[in-house]
Amino acid sequence: MAKRKEVYCGFCRLPHKVYTQKHISWLEVGGFALLSGIVSFLVWREFHPASLTIFIVGSLWAEFVIRYRWRQSVKCKNCGFDPIVYKRSPAQAADLVQAFLDNRKVDPSFLLKPQPKLPPPRKASSQDKGRRFDARY
């Protein structure tokens, strides 16, 4: 059973659920080993090297699916904020959020969903004159 944890978005501060499992567990690897062994004995009546291929392909497929599911659940569904992209490049994350919010304005499927709680834009003060910052904060 997949565990999901409720977290708050770092940008819009609305809750959403994130899968906690990033990789397949040893139990799942053991399950694929058992499955490949059973398939080998049912088809060839002995251990066959093709069962190793079944094991490897099944394990890689499961790892890909679980990793993709986790990666998609990390993104906020309300504002489009992606903390992994933000960690790598804050400017790129800001562009992705802006594009998501622009699309959200014209998409009718977002009409009844909760609106992101964005902070009001602040004016630059005399103290901030030499600093570089995003005008939304």
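What comes next is a walk through the structure.

### Focus: the pattern of salt bridges
For the structure shown, the criterion picks out 1 salt bridge. We note a salt bridge from Arg71 to Asp82, for which the minimum N-O separation is 2.8 Å. Separated by 11 residues along the polypeptide, Arg71 in helix α2 (residues 50-74) and Asp82 in the loop between α2 and α3 (83-88) bring together distant segments of the chain.

### Overview of helix α1 (residues 26-44)
Spanning 19 residues, α1 covers 27 Å between terminal C-alpha atoms, matching the ideal 27 Å at 1.5 Å per step. Among the residues of α1, those classed as buried are Ser36, Gly37 and Ser40. Across the axial projection of α1, the buried residues extend over an arc of 100°, all falling on one side. Turned more than 90 degrees off the buried face of α1, the exposed positions are Leu27, Leu34 and Leu42. Considering only its buried residues, α1 is in contact with α2. With its phi angle positive at about 65°, Arg45 sits one or two positions after the end of α1.

What counts, and where the lines are drawn
Residues numbered from 1 in each chain as written. Predicted model: local features only at pLDDT ≥ 70, side-chain atom pairs only at ≥ 80, totals over all residues. Heavy atoms only, no water. Salt bridge = Lys/Arg side-chain N within 4 Å of Asp/Glu carboxyl O. Helix = DSSP H or I, 4+ residues; strand = E, 2+ residues; numbered from the N terminus. Expected span 1.5 Å × (residues − 1). Buried < 20%, exposed > 50% of the residue type's maximum accessible area, 1.4 Å probe, protein only. Arc of directions from axis to C-beta. Contact = heavy atoms within 4.5 Å.

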